[in-house]
Amino acid sequence: MIMTINEIEHSVFAEIHNTHTAKELEEVRARYLGRKGTLTSVLRGLAELSLEDRREIGPRAQALRDRIEEACEDRLQDFEATSETFFDVSFPGKKITVGHHNPLSLLIQDTEDIFLSLGFSVVDGPEVETEFNNFDALNIPANHPAREMWDTFWLKRAHNTEPRKLLRTHTSPVQIRYMQTHEPPFRIIVPGTTYRYEATDARHEMQFSQIEGLAVGETVTLANFKSIITAFFSRLFAQKVEIRLRPSYFPFVEPGVEVDATCPRCHKRGCELCTFTGWLELGGAGMVHPHVFDAVGYNPNTIQGFAFGVGAERLAMIKYGIPDIRLFRSSDLRFIQQF
Ligand code: YSA
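Predicted model, so just to flag it, every value in this text is computed and none were measured.

> Could you give an account of the overall build of the protein chain, with specific residues and numbers?
Summing up its helical and strand segments, the protein chain has eleven helices and nine strands in all. Since a compact globule built from 339 residues should have a radius of gyration of about 20 Å, the 36 Å found for the protein chain marks it as more spread out than a globular shape. With the C-alpha coordinates of the protein chain rotated into their principal frame, the extents come out at 115 × 55 × 35 Å. The buried share of the protein chain, reckoned over its 339 residues, is 45%. A total of about 18900 Å² of accessible surface is found on the protein chain, and carbon and sulfur atoms cover 52% of it. Positive and negative side-chain charges in the protein chain, numbering 37 and 46 respectively, have mean positions lying 5 Å apart.

Okay, structure coming up:
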């Protein structure tokens, strides 16, 4: 047994020193200290020795084991200290995770690119709005029945005398903000988050996004709108899309229209997406109401313009085949990683 200990002592430290990788080091360690290791066998065999031999060999074997552990630890630290230049090919690789864009961001990015190429600017506005911008200036005074179209989150006031604030129910108040501070002619789009106090389901959320459009000048017409919106949807869905305008009512436009596009999935043949009608309802639009121009100080006799508003999640759901609007803000990585 003494012979074995001497042999181990003679070879093990050189072997440790000659290792180049953590894996090699672990192999050496296992050869001596593993379950079937040479020194482990010696330590196990101590029980069968006489008391006298045990007293002599036991402490030597234990001390040798401690020195081997220490030498392995030192060698490992050598590897770690030089790891910047030392590449250990025996280590398992690290899984690289890459971030993904939410499809709503992709949709808004595409929309901005298309409208920028059509001569529009991209404009922003606050999510906390005044009652004036969200309703009054848009020709929806207090007690107007049309206010019921927008179930509103009102913010608490410190005093009843303060003007009321709310979470904007649509992106249309940015029309007011922009016109109060700019002179026509201009063309803008406003992508942004909006809020409505309503029950959620596969097509409705309390927090969702809209894309507002506004083009104002002396000669802007509804025909201009039809051609712009046809170009937009055709490029967004990467196919030729037909547009249909149906009479509708929004207090801030006259005339007001509902915008339908041919279904990009079935090309008008009829499918589940378009409930077998061949058409999809994509938003509201119209010619800006003279009362709105009055509210921002424009002369409605010389200035005219079109405005529109579309639901951004709705467009992304169509474009990417997403069945439920609640997925967008679900934080479910299985959803996000598909884009
Ligand atoms: C109309 C005319 C204009 O000249 C300018 C803008 C508009 C749009 C108007 N401001 C508006 O909000 N109309 S809307 O209530 O019909 O909403 C527009 C789109 O927002 C809808 O077509 C729908 O796609 C989306 N939307 C509305 N409520 C939603 C929603 N998306 C998800 N969840 C909800 N709760």
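> Mind laying out the site of the ligand, listing which residues take part and the relevant values?
Surveying the vicinity of the ligand reveals 24 residues, the closest of which are His 170, Ser 172, Arg 196, Glu 198 and Glu 205. In the environment of the ligand, a nitrogen atom lies 2.9 Å from a nitrogen or oxygen atom belonging to the side chain of His 170. One of the side-chain N or O atoms of Glu 198 is found 2.8 Å from a nitrogen atom in the ligand. For the ligand, the protein covers 89% of the area, taking 690 Å² as the surface of the free molecule. Judged by its atoms lying within 2 Å of the grid points, the ligand is housed in the largest pocket. Class assignment of the residues belonging to the shell around the ligand gives a composition of nine nonpolar, nine polar and six charged.

> Tell me about the pattern of salt bridges, and please be specific about residues and values.
The full count for this structure, using the stated rule, is 18 salt bridges. A salt bridge links Glu 242 to Lys 268, with the shortest nitrogen-to-oxygen separation between them at 3.1 Å. Within this pair, whereas Glu 242 is found in the loop between helix 8 (222-236) and strand 6 (243-248), its partner Lys 268 is found in the loop between strand 7 (253-262) and strand 8 (279-288), the two being separated by 26 residues in sequence. A relative accessible area of 38% places Lys 268 in the partly exposed class. A salt bridge links Glu 313 to Arg 329, with the nearest nitrogen and oxygen atoms 2.9 Å apart. With Glu 313 in helix 10 (residues 312-320) and Arg 329 in the loop between helix 10 and helix 11 (333-336), this residue pair connects regions lying 16 residues apart in the sequence. When salt bridges that share partners are traced, they join Glu 131, Asp 136, Arg 147 and Arg 164 into one network.

> Give a description of the pairing of strand 4 (residues 186-195) that names residues and reports values.
Counting buried positions along strand 4 yields nine of ten residues, so the element is predominantly enclosed. As defined by bridge partners, strand 1 (residues 121-122) adjoins strand 4 across two bridges and the pair is classed as parallel. By the bridge assignment for strand 4, Val 122 is matched with Ile 189. Sheet topology note: the strand 4/strand 5 (residues 207-217) ladder contains ten bridges and is antiparallel.

> Which residues make up unusual backbone geometry, and what values go with them?
Among all residues save glycine, negative phi is the norm, and among peptide bonds the norm is trans. Residue Pro 184 is joined to Pro 185 through a cis peptide bond whose omega torsion reads 5°. Mapped onto the elements of the fold, Pro 185 is located in the loop between helix 7 (173-181) and strand 4. Looking along the chain, the bond that leaves Glu 254 and enters Pro 255 is cis, with omega of 0°. Along the chain, Pro 255 turns up in strand 7. The phi dihedral of Asn 139 is positive, around 70°, even though this residue is not glycine. With respect to the element layout, Asn 139 can be found in the loop between helix 6 (131-134) and strand 3 (165-167). You will see that Ser 331, though not glycine, has its phi angle at about 60°, which is positive. Summarising the element assignment, Ser 331 is placed in the loop between helix 10 and helix 11.

Cut-offs used in this document
Residues numbered from 1 in each chain as written. Predicted model: local features only at pLDDT ≥ 70, side-chain atom pairs only at ≥ 80, totals over all residues. Heavy atoms only, no water. Helix = DSSP H or I, 4+ residues; strand = E, 2+ residues; numbered from the N terminus. Rg over C-alpha atoms; globule rule 2.2 N^0.38 Å. Buried < 20%, exposed > 50% of the residue type's maximum accessible area, 1.4 Å probe, protein only. Areas by Shrake-Rupley, 256 points an atom, 1.4 Å probe, with all protein chains shown as cover. Lys, Arg positive; Asp, Glu negative; His and termini not counted. Charge placed at Lys NZ, Arg CZ, Asp CG, Glu CD. Near = heavy atom within 4 Å. Polar contact = N/O pair within 3.5 Å; in protein donor to acceptor, adjacent residues only side chain to side chain. 1 Å grid on protein atoms, 1.4 Å probe; cavity = no way out; pocket = protein on both sides within 12 Å on 5 of 7 lines; lining within 4 Å. Sits in = over half its atoms within 2 Å of the grid points. Nonpolar A, V, L, I, M, F, W, Y, C, P; charged D, E, K, R; others polar. Salt bridge = Lys/Arg side-chain N within 4 Å of Asp/Glu carboxyl O. Pairing = 2+ DSSP bridges.

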